[in-house]
Every structure is written in structure tokens, then in C-alpha cells.
Amino acid sequence: MRGAAKMNALRSAVVVAGALAFGYLTVRVGFKSFIEEAQLEQQRQEAILQSQSSAAAAETEVSFGDSFQSDDGENISDGSDHKL
């Protein structure tokens, strides 16, 4: 009797796994056009965000030189030859 119970449990597990796979494929095929459209929209928005962030980074980029300007407008050199 114990062997039959294991067989029934295994059979049930296979049927459930098959039903889940069939359901997944049904949803994928049924909503394929909507899924593709959503993926394209997501890629478009990511490209927009990336271009906005790179433009913002270019605007806020600061260059540090070897000289600094004092309050009276004179350039003050730190005397070093290295660059950051």
C-alpha cells in the first residue's frame, strides 16, 4: 500500500508541474504582444534615464587645477606639478 501512495504522490506532482508549465506557456502566448510592448517601453525609459543622468553628470563635472583664486582675484598656485 505504501508504494501505491508514493506513486500517486509522484503522479500528482508531475500533473501539477505540467499544469503550471502549460499555464505559463498559455499566458506567454496569449499576452505576447503586450509583453513585448512593455519591454520596449521599459528599454526606452531606461535609455531616457541614462541620457538624462549622463547629461546631468556632464553639467556638474568640476575641473580641479593647480591654481586657486583668492578673494581679491589673484591666482594662488600650490606649487605642485601633479594632476588629480
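These numbers come from a predicted model, not from an experiment.

### Concerning the overall build of the chain
Helix and strand counts for the chain come out as 2 helices and 2 strands. A total accessible area of about 7,900 Å² is found for the chain, and carbon and sulfur atoms account for 60% of it.

### Description of the pattern of salt bridges
For the structure shown, the criterion picks out 1 salt bridge. Two residues, arginine 44 and glutamate 41, come together in a salt bridge whose shortest N-O distance is 2.6 Å. Of this pair, arginine 44 and glutamate 41 both sit in helix α2 (residues 32-59), 3 residues apart, roughly one helical turn. By relative accessible area, glutamate 41 is classed as partly exposed at 33%.

### Topic: a nonpolar patch on the surface
A surface patch of nonpolar side chains, about 300 Å² in accessible area, is lined by Met7, Leu10 and Val14. If you trace the backbone, methionine 7 turns up in helix α1 (residues 2-30). Of the residues examined, methionine 7 reaches a relative accessible area of 48% and is grouped as partly exposed.

### Brief notes about the confidence of the model for the chain
Regions with low pLDDT carry predicted coordinates that are not meant to be interpreted in detail. In this model, the chain carries an average pLDDT of 81, and 69% of its residues clear a pLDDT of 70 or more. Mean pLDDT per element in the chain: strand β1 (residues 67-69) is the minimum at 56, and α1 is the maximum at 95.

Conventions we followed
Residues numbered from 1 in each chain as written. Predicted model: local features only at pLDDT ≥ 70, side-chain atom pairs only at ≥ 80, totals over all residues. Heavy atoms only, no water. Helix = DSSP H or I, 4+ residues; strand = E, 2+ residues; numbered from the N terminus. Areas by Shrake-Rupley, 256 points an atom, 1.4 Å probe, with all protein chains shown as cover. Salt bridge = Lys/Arg side-chain N within 4 Å of Asp/Glu carboxyl O. Buried < 20%, exposed > 50% of the residue type's maximum accessible area, 1.4 Å probe, protein only. Patch = residues over 30% accessible without salt bridge, like charges linked within 9 Å, V, L, I, M, F, W, Y side chains within 5 Å. pLDDT = per-residue confidence, 0-100.

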